[in-house]
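# Observations on the three-dimensional arrangement
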Amino acid sequence: MRMAPRVLVIEDEKDLSTVIAYNLRADGLEVVVCDTGEAGIREATSRRFDLVVLDLMLPDMSGLDVCRKIKATSATKGIPILIASARGEEVDRVVGLELGADDYVVKPFSVRELVLRVRAILRRAESAPPPTDIVEFGVLKIDRGAHRVFVNDEEVQLTALEFRLLSTLHERRNRTQGRDTLLLDVWQMNTPVESRTVDTHVKRLREKLGAASGYIRTVRGVGYRFASSPDEPGGD
Ligand code: CA
């Protein structure tokens, strides 16, 4: 029998964490609640979790720092994080996603929406390619299971977002992806953020890719495309 997915809820508002835990449990998930960032990090490293629901405003530390810690620890970096943010500021969510969070909900959210999003992330994680799924493309090697990227056999450290950007472009290679499409599929932003965000990240990704940077071509006025060769003529 399959083990029930286990969710760690890091949330200091008792009423809210109780409702969240109740509804996730009713949906067949196992739930552990922590009310401080420190306890959450300790819990995350102590046993297997399939997902973390993370409040950004915690009494002892910022949720963004919790996110950073979880993503910087090899034992926990693969755990998807769903940010629950009370702040209306887009910037915190963008930073959270840059740190490797998978999705966010804005408070006040409906618990039903939260459960649906948790389910969606768990489904994505479940259907993720197996750990041996390595794609080689000239000087570039993408390990889709382990979320690692190598250029000329040297590992390139990418953020979760950069990895998703690269693998999305690669999966749809030779088809130009508009900035709006990328924002939706890579950033999973339903609300429009500055499309310059895409350009900024592509620039950073290219810098990190070095010899493989030429695979990512700008299609003027449209967006980006993964080319069949890093030195294919045309583009910029
Ligand atoms: Ca809080």
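Quick caveat, the model's predicted, so the values are computed rather than measured.

Conventions and cut-offs
- Residues numbered from 1 in each chain as written.
- Predicted model: local features only at pLDDT ≥ 70, side-chain atom pairs only at ≥ 80, totals over all residues.
- Heavy atoms only, no water.
- Helix = DSSP H or I, 4+ residues; strand = E, 2+ residues; numbered from the N terminus.
- Expected span 1.5 Å × (residues − 1).
- Buried < 20%, exposed > 50% of the residue type's maximum accessible area, 1.4 Å probe, protein only.
- Arc of directions from axis to C-beta.
- Contact = heavy atoms within 4.5 Å.
- Pairing = 2+ DSSP bridges.
- Axes fitted to C-alpha atoms, helices over the stretch in contact; angles between N-to-C directions.
- Donors = N, O, S within 2.8 Å, 3.2 Å for Na, K, Ca; no water.
- Domains from an automatic or database assignment.
- Buried area = accessible area lost by both parts, 1.4 Å probe.
- Salt bridge = Lys/Arg side-chain N within 4 Å of Asp/Glu carboxyl O.
- Polar contact = N/O pair within 3.5 Å; in protein donor to acceptor, adjacent residues only side chain to side chain.

## Notes on helix 5 (residues 111-126)
- The end-to-end C-alpha separation of helix 5 is 22 Å, in line with the 22 Å expected for 16 residues at 1.5 Å each.
- Inspection of helix 5 places Val111, Leu114, Val115, Arg117, Val118, Ile121 and Leu122 among the buried residues, and these make up the whole buried set. When helix 5 is viewed along its axis, its buried side chains cluster within an angular range of 165° and face the same direction. Away from the buried face of helix 5 by more than 90 degrees, exposed residues Arg112 and Arg123 are located.
- Buried residues along helix 5 sit in contact with strand 1 (6-10), helix 1 (14-26), strand 3 (51-55), strand 4 (81-85) and strand 5 (103-106).

## Description of the side chain of His170
- Locating His170 in the fold gives a position in helix 6 (residues 160-171).
- Those residues in contact with His170, other than ones at most four positions away along the chain, are Val135, Phe137, Ile142 and Phe226.

## A closer look at the sheet that holds strand 4
- The strand order across the open sheet formed by five strands is 2-1-3-4-5, and the pairing between neighbours is parallel. Bordering the open sheet on either side are strand 2 (30-34) and strand 5, each of which pairs with just one other strand. When the angles between neighbouring strand axes are averaged without regard to direction, this sheet yields 20°.
- In this structure, strand 1 lies alongside strand 3, joined through four bridges in parallel fashion. Its bridge partner being in strand 3, Leu8 is matched across the sheet by Val52.
- Taken strand by strand, helix 1 contacts strand 1 and strand 2, and its axis lies near 165° from that of strand 2.
- Packed on one face of the sheet, helix 5 meets strand 1, strand 3, strand 4 and strand 5 and runs near 180° to strand 5.

## Observations regarding helix 6
- With twelve residues, helix 6 extends 16 Å from end C-alpha to end C-alpha; this agrees with the ideal 16 Å at 1.5 Å per step.
- Most of helix 6 sits inside the fold, with ten of its twelve residues counted as buried.
- Residues Leu161, Glu162, Phe163, Arg164, Leu165, Leu166, Ser167, Thr168, Leu169 and His170 constitute the buried set of helix 6.

## Section: the coordination of the calcium ion
- Looking at the metal site, the calcium ion is ligated by Asp12 (OD), Asp55 (OD) and Met57 (O), spaced 2.1 to 2.3 Å from it.
- Counting the intervening residues between successive donors of the calcium ion yields the motif D-x42-D-x1-M.
- Residue class for Asp55 comes out buried when judged on its relative accessible area of 2%.
- Given a relative accessible area of 47%, Met57 falls into the partly exposed group.

## So, the domain arrangement of the chain
- Domain boundaries in the chain define domain 1 (6-126) and domain 2 (134-226).
- Each partner contributes residues to the interface: domain 1 has ten residues there, and domain 2 has eleven residues.
- Interface area for domain 1 against domain 2, summed over the two sides, is near 850 Å², with a carbon-plus-sulfur share of 48%.
- Among the residues domain 1 hides against domain 2, the three largest losses belong to Glu90, Leu97 and Glu98. Together they make up 48% of the total.
- In this structure, the connection of domain 1 to domain 2 is made through one salt bridge.
- The partner of Asp102 in a salt bridge is Arg164, with the nearest N and O atoms 3.9 Å apart.
- Where domain 1 packs against domain 2, one counts one residue pair in polar contact (both at pLDDT 80 or more).

## A word on unusual backbone geometry
- In this model, Lys107 is joined to Pro108 through a cis peptide bond whose omega is -5°.
- Along the chain, the position of Pro108 falls in the loop between strand 5 and helix 5.
- You will see that Asp153, though not glycine, has its phi angle at about 65°, which is positive.
- One can find Asp153 in the loop between strand 8 (148-151) and strand 9 (154-156).
- The class of Asp153 is exposed, set by a relative accessible area of 63%.

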